[in-house]
Amino acid sequence: MLVVKKFGGSSVADRDKIFNVARRCIEDYKAGHDVVVVLSAMGNTTDDLIELAQGINPHAKQREMDMLLTTGEQVSVSLMAMAMQAMDVPAVSLNAFQVMMYSTSRYGNARFKRVDTERIHHELDSRKIVIVTGFQGVNKYDDITTLGRGGSDTTAVALAAVLHADKCEIYTDVDGVYTADPRVVKNARKLDVITYDEMLELASLGAKVLHNRSVEMAKKYNVELVVRSSLNRSEGTTVKEASNMEKLLVTGVAADANTARISVIGVEDKPGIAFRIFDTLAKNNINVDIILQSVGRDGTKDISFTVASGDLEYALKILEDHKERLTIREITHNEEVAKLSVIGAGMMSNPGVAARMFESLYNSRVNINMISTSEIRITVLVAEKDIDKAMNAVHDGFIMSE
Ligand code: ADP
Ligand code: ASP
Ligand code: MG
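What comes next concerns the included structure. (Residues numbered from 1 in each chain as written. Chains lettered and ligands numbered in written order. Predicted model: local features only at pLDDT ≥ 70, side-chain atom pairs only at ≥ 80, totals over all residues. Heavy atoms only, no water.)

**A look at the overall build of the chain**
Each helix and strand counted, the chain has 12 helices and 18 strands in total. Within the chain, contacts between residues separated by at least 24 positions form 75% of all contacts whose residues are at least 6 apart in sequence. In the chain, which carries 47 positive and 55 negative side-chain charges, the distance between the mean positions of the two groups comes to 1 Å. (Helix = DSSP H or I, 4+ residues; strand = E, 2+ residues; numbered from the N terminus. Contact = heavy atoms within 4.5 Å. Lys, Arg positive; Asp, Glu negative; His and termini not counted. Charge placed at Lys NZ, Arg CZ, Asp CG, Glu CD.)

Shown next as structure tokens:
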């Protein structure tokens, strides 16, 4: 059996934790399995490196950021190999260059294009535990790239897919996937199973327990994932294709404070304006999320939309540069907002979910700024200061009453 085991930063944060992970991997190895381990950087290393860079140059080029950030994963894989070797188990650490994990060229947000398996198979054949750096790739310029924050999960899934692994386990600092972030919602419940689609929505809407692209890739290549704790032996959560699983009305609640609202005021109320605005943003690689358009009055209208906080400054600059062409009178923005979403496949066939969500928010006196819905989710924009209260209220309104 070939197993891929991924451990997040908190699971390898210090010496004891590194040995704890080493022991867990060695158990599988001694049971006769081929073991591929994917690691993140130790503890808060990535955040610390970002801070370090900001102290030198707040507008550092993403290429250099990737060069810097990928050192974190290189530290943890080499230390892990040393730990295993200290326990007399043969192990080898490899980075994205050594495996050859090719990605697109986009620094800071690269995607895997092709992953070679030759080197890994060669090392496994000589009965070594193979430890691979998460989060990094190599682009066509032979530069190192990163996959975006939380990207080590995607490295693990990519390897599980190309190696046709029998198991892909994602070890973290909570017992599995919960109905809401267990650090914010104390009534959150652990889920035994969740479908790819529901997990994808949760991850994309702010539940950082899995990188959203890892879920996308797991679905595409049909890799069953198990999310579990590195600190205990409890069962964890399986992420897989829907079978005849009971469809919960609401599977989970997710929050994302990494969002900002932009409003363009007084644009001409005629066909083609919305197209021009969003086309201009899209051409500059800015993703727009919830969109709200006011009813036209006196030949003009207002359009509000949300972008990721990190894109705010750039989006404002683009809009300002094209203000005249886009017929914009005024641009306003608000960073103190957060998205709150409820997700559940059962929503499709159940009217009234939105009303119940709004009731919970009303009961806790949280004002809703914007609303957007899809078949299996409802998202509202609220003030950032209200987000924890709102998340608890909405979570308890659905999950506790079932
Ligand atoms: P790792 O370093 O292991 O990759 P992360 O910090 O990226 O760990 O992800 C784990 C964290 O995700 C948890 O500590 C938890 O606070 C958070 N989280 C958010 N939403 C959820 C959820 N629905 N279920 C479980 N954890 C969640
Ligand atoms: N170390 C990277 C990060 O902090 C990747 C990861 O943890 O998955 O984002
Ligand atoms: Mg993570």
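The structure having been displayed, the exposition proceeds.
**Some points on the site of ligand 1**
The environment of ligand 1 is formed by 17 residues, the closest being Thr 172, Asp 173, Tyr 178, Asp 181 and Arg 183. Within the backbone of Tyr 178, one N or O atom sits 2.9 Å away from a nitrogen atom of ligand 1. Interatomic distance of 2.8 Å between a side-chain N/O atom of Asp 181 and an oxygen atom of ligand 1. With the chains in place, 89% of the 570 Å² that ligand 1 exposes on its own is no longer accessible. Across the shell around ligand 1, the residue classes break down as eight nonpolar, four polar and five charged. (Near = heavy atom within 4 Å. Polar contact = N/O pair within 3.5 Å; in protein donor to acceptor, adjacent residues only side chain to side chain. Areas by Shrake-Rupley, 256 points an atom, 1.4 Å probe, with all protein chains shown as cover. Nonpolar A, V, L, I, M, F, W, Y, C, P; charged D, E, K, R; others polar.)

**Things to note about the sheet that holds strand β11 (residues 225-229)**
The mixed open sheet is built from eight strands, whose spatial order is β3-β6-β2-β1-β9-β11-β12-β10. Each of the sheet's edge strands pairs with one partner strand only, and the pair in question is β3 (91-94) and β10 (193-195). Taking the axes of each pair of neighbouring strands and ignoring which way they run, one obtains an average angle of 20° across the sheet. For strand β2 (residues 34-39) and strand β6 (residues 129-133), the ladder comprises four bridges, and the chain directions are parallel. (Pairing = 2+ DSSP bridges. Axes fitted to C-alpha atoms, helices over the stretch in contact; angles between N-to-C directions.)

**Examining the sheet that holds strand β15 (residues 300-308)**
Strands sit in the order β14-β15-β13-β16-β18-β17 across an open sheet of six strands; the sheet is antiparallel. Strands with a single pairing partner mark the edges of an open sheet, and in this sheet they are β14 (291-293) and β17 (370-374). Across the sheet, the axes of successive neighbouring strands diverge by a mean angle of 25°, strand direction being ignored. Bridge analysis of β14 against β15 gives three bridges, and the strand direction is antiparallel. Looking at β15, one finds that Gln 293 is bridged to Ile 303. Strands in contact with helix α11 (residues 353-363) are β16 (330-343), β17 and β18 (377-383); relative to β18, the strand with the most contacts, it is inclined by about 25°.

**Some remarks on the site of ligand 2**
Around ligand 2, the neighbouring residues are Ser 40, Ala 41, Thr 46, Glu 73, Phe 135, Arg 149, Gly 150, Gly 151 and Ser 152. Burial of ligand 2 by the protein chains amounts to 86% of its free accessible area of 260 Å². When the residues that make up the shell around ligand 2 are grouped by side-chain class, the tally is two nonpolar, five polar and two charged.

**Some remarks on the nonpolar core**
Val 36, Ile 120, Leu 159 and Met 199 are the most contacted members of the largest nonpolar core, which totals 47 residues. Here this core gets six residues from one element, more than from any other, and that element is helix α6 (residues 152-162). When sequence neighbours within four positions are dropped, the list of residues in contact with Met 199 reads Val 177, Ile 194, Val 209, Leu 210, Val 215 and Val 239. Residues Val 250, Met 347, Val 382 and Val 394 belong to the second largest nonpolar core, which totals 25 residues. (Core = buried A, V, L, I, M, F, W, Y, C linked by side-chain atoms within 4.5 Å. Buried < 20%, exposed > 50% of the residue type's maximum accessible area, 1.4 Å probe, protein only.)

**A closer look at the pairing of β17**
Each regular strand shows side chains that alternate between the opposite faces of the sheet. Two elements, β17 and β18, share five bridges in a ladder whose sense is antiparallel. Paired with Ile 371 across the bridge in β18 is Val 380. Hairpin connection from β17 to β18: two residues lie between these consecutive antiparallel strands.

**What to know about helix α10 (residues 312-321)**
Turning to α10, its buried residues are Leu 312, Ala 315, Leu 316, Ile 318 and Leu 319. The arc that holds the buried residues of α10, viewed along the axis, is 160°, so those residues lie on one side. When the buried face of α10 is taken as reference, the exposed residues oriented beyond 90 degrees from it are Glu 313 and Asp 321. The secondary structure elements touched by the buried residues of α10 are β13 (252-268), α9 (273-283), β15 and β16. (Arc of directions from axis to C-beta.)

**Thoughts on the packing of aromatic side chains**
Across all of its chains, the model carries two aromatic pairs by this definition. Ring plane angle 15° and centroid distance 4.5 Å describe the contact between Phe 7 and Tyr 171, whose orientation is recorded as stacked. Of the two residues, Phe 7 sits in strand β1 (residues 2-7) while Tyr 171 sits in strand β9 (residues 167-172), which places them 164 residues apart along the sequence. The class for Phe 7 is buried, based on a relative accessible area of 0%. Judged by centre distance (5.2 Å) and plane angle (75°), the ring pair of Phe 278 and Phe 305 falls under edge-to-face. Of the two residues, Phe 278 sits in helix α9 while Phe 305 sits in strand β15, which places them 27 residues apart along the sequence. Of the residues examined, Phe 278 reaches a relative accessible area of 18% and is grouped as buried. Note on Phe 305: relative accessible area 0%, which makes it buried. Taking the ring centre of Tyr 29 as reference, the NZ or CZ of Arg 127 above it sits at 4.2 Å. (Phe/Tyr/Trp six-rings, centres within 6.5 Å; stacked < 30°, edge-to-face > 60°. Lys NZ or Arg CZ within 6 Å of the ring centre and 35° of its normal.)

**Things to note about the pattern of salt bridges**
This model, assessed by the stated rule, comprises 25 salt bridges. Its salt-bridge partner being Asp 34, residue Arg 127 comes within 3.5 Å of it at the nearest N-O pair. With Arg 127 in the loop between α5 (118-125) and β6 and Asp 34 in strand β2, this residue pair connects regions lying 93 residues apart in the sequence. Exposure remark for Asp 34: the relative accessible area of 25% places this residue in the partly exposed category. Across the salt bridge formed by Lys 283 and Asp 279, the nearest N and O atoms sit 2.8 Å from each other. Of this pair, Lys 283 and Asp 279 both sit in helix α9, four residues apart, which is roughly one turn of that helix. (Salt bridge = Lys/Arg side-chain N within 4 Å of Asp/Glu carboxyl O.)

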